[in-house]
Amino acid sequence: MLVAGNWKMFKGAHEARAFATRIRHLPERTPGVEVVVCPPFVSLQATLQGLGEGCLVRVYAQNVHWELDGAFTGEVSAPMLLELGVKGAIVGHSERRQHFGESDETVRFRAEAAIEAGLVVIACVGETEAERVAEETGAVLARQVAALPRHERLVIAYEPVWAIGTGRSATPEMAQEAHALIKSLHPSRVLYGGSVKPENALVLLSQPDVDGALVGGASLDPASFEAICLAGAEAAAA
Ligand code: PGA
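Note that the coordinates shown come from a computational prediction; the quantities given were computed from them, not determined experimentally.

**Q** I keep staring at the pattern of salt bridges and nothing clicks. Help me out?
**A** Pairing between side chains becomes possible if they bear opposite charge and their charged atoms approach one another. Scanning the model with the defined rule gives 15 salt bridges in all. Residues Lys-8 and Glu-95 are paired through a salt bridge, measuring 2.8 Å at the closest nitrogen-oxygen approach. Taken together, the residues span a long stretch of sequence, with Lys-8 in the loop between strand E1 (2-6) and helix H1 (13-23) and Glu-95 in helix H4 (residues 94-99) at a distance of 87 residues. Note on Lys-8: relative accessible area 19%, which makes it buried. For Glu-95, a relative accessible area of 25% gives the class partly exposed. With a closest N to O distance of 2.8 Å, Arg-143 and Asp-104 form a salt bridge. Of this pair, Arg-143 sits in helix H7 (residues 137-146) while Asp-104 sits in helix H5 (residues 104-117), and the two are 39 residues apart along the sequence. For Asp-104, a relative accessible area of 18% translates into the label buried. Salt bridges sharing common partners tie together Glu-75, Arg-96, Glu-102 and Arg-110.

**Q** Would you mind showing me how to read the site of the ligand here?
**A** In the region of the ligand, 13 residues are neighbours, and Lys-8, His-93, Glu-159, Gly-165 and Ser-195 sit closest. In the model, an oxygen atom of the ligand is placed 2.8 Å from a nitrogen or oxygen of the Ser-195 main chain. A distance of 2.8 Å is found between an oxygen atom of the ligand and a backbone nitrogen or oxygen belonging to Gly-216. Coverage of the ligand by the protein amounts to 95% of the 280 Å² it exposes when considered alone. Residues of the shell around the ligand, tallied by class, amount to 4 nonpolar, 7 polar and 2 charged.

**Q** Help me understand H7 in this model?
**A** Because each turn of an α-helix spans 3.6 residues, side chains separated by three or four positions in sequence point in the same direction. Among all positions in H7, only Thr-137, Val-140, Leu-141, Gln-144 and Val-145 are buried. Buried residues of H7 fall within an arc of 125° about the axis and therefore sit on the same side. When the buried face of H7 is taken as reference, the exposed residues oriented beyond 90 degrees from it are Ala-139 and Ala-146. Elements that come into contact with the buried residues of H7 comprise H4, H5, strand E5 (120-125), helix H6 (129-133), strand E6 (154-158) and helix H8 (172-185).

**Q** I keep staring at the packing of helix H9 (residues 198-205) against helix H10 (residues 222-237) and nothing clicks. Help me out?
**A** For any two helices packed against each other, one specifies the inter-axial angle together with the distance between the axes. In the contact formed by H9 and H10, the axes pass within 9 Å of each other and the chain directions differ by 20°. One way to sum up the angle between H9 and H10 is to call them roughly parallel. Handedness of the H9/H10 crossing: right-handed. Contacts from Pro-198, Ala-201, Leu-202 and Leu-205 in H9 reach Ser-224, Ala-227, Ile-228, Ala-231, Gly-232, Glu-234 and Ala-235 in H10. Of the residues that constitute the contact of H9 with H10, the class distribution is 8 nonpolar, 2 polar and 1 charged.

**Q** Looking at this model, I keep getting lost on the pairing of E6. Mind explaining?
**A** Two faces make up the sheet, and in a regular strand the side chains alternate between them. E6 sits mainly inside the fold: 5 of its 5 residues count as buried. Side-chain alternation along E6 places Leu-154, Ile-156 and Tyr-158 on one buried face and Val-155 and Ala-157 on a second face that is also buried. Across 5 bridges, the pairing between E5 and E6 is parallel. Across the sheet, the residue bridging to Ala-123 is Ile-156, located in E6.

**Q** Looking at this structure, I do not really get the side chain of Gln-207. What am I missing?
**A** By the element assignment, Gln-207 lies in the loop between H9 and strand E8 (212-215). With a relative accessible area of 18%, Gln-207 lands in the buried category. A polar side-chain atom of Gln-207 sits 3.0 Å from the main-chain carbonyl oxygen of Val-203. Every residue in contact with Gln-207, bar those within four places of it in the chain, is listed here: Pro-172 and Gln-176.

Scoring rules and cut-offs
Residues numbered from 1 in each chain as written. Predicted model: local features only at pLDDT ≥ 70, side-chain atom pairs only at ≥ 80, totals over all residues. Heavy atoms only, no water. Salt bridge = Lys/Arg side-chain N within 4 Å of Asp/Glu carboxyl O. Helix = DSSP H or I, 4+ residues; strand = E, 2+ residues; numbered from the N terminus. Buried < 20%, exposed > 50% of the residue type's maximum accessible area, 1.4 Å probe, protein only. Near = heavy atom within 4 Å. Polar contact = N/O pair within 3.5 Å; in protein donor to acceptor, adjacent residues only side chain to side chain. Areas by Shrake-Rupley, 256 points an atom, 1.4 Å probe, with all protein chains shown as cover. Nonpolar A, V, L, I, M, F, W, Y, C, P; charged D, E, K, R; others polar. Arc of directions from axis to C-beta. Contact = heavy atoms within 4.5 Å. Axes fitted to C-alpha atoms, helices over the stretch in contact; angles between N-to-C directions. Parallel < 35°, antiparallel > 145°, perpendicular 65-115°, else oblique. Left-handed = near helix turned anticlockwise from the far one by under 90°. Pairing = 2+ DSSP bridges.

What follows is the structure, encoded as structure tokens:
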């Protein structure tokens, strides 16, 4: 079970450090759950400092470039992340695909390079509302998943775009159906993302093919993030 908090463009260094200090002992209360936070690049180091040496909470970045270095203004490479103590990165989040021109091809480049460098990768896939209405969900997921490398450190996050930040999560049945499809195509763990909150975490995480959660809004408040991680531990123990 993996529960990752995606902070998106929230929490500068000061706030990130305070959050990290508060949750540093959380994994001791959530057996069976890998707890991960994904701060903005500029807050990675402060988060690691707040967690401290030997802490079991892992820190992942929200993106990573495919080259080791070079003339790529605004990008950050895997070796730069590893040097800080960052253990993984999200790639292909729908906000990157929608607003920053990310494609299946660039997602594949980023995922392959990050895996090669030794990072864990959370690769995001998911259909838009229009695609679901047009009954294209299966085809969209198959296309996005086909672009991803196969590796034990590659984790897929199923995030229906219409469920992200809307408060309207997929039903447990919808999530289970999509996760089962993804797992029939790719041998990876599959996290669910899209309006996960303390009230729906247990039922979503209890679905047989749901291996964790990628949490946006509800990961910004430590009490709510803790509650979701505790639900993960309960689901893992069942
Ligand atoms: P949300 O975001 O939990 O705020 O819906 C999830 C995500 O974008 O990863």
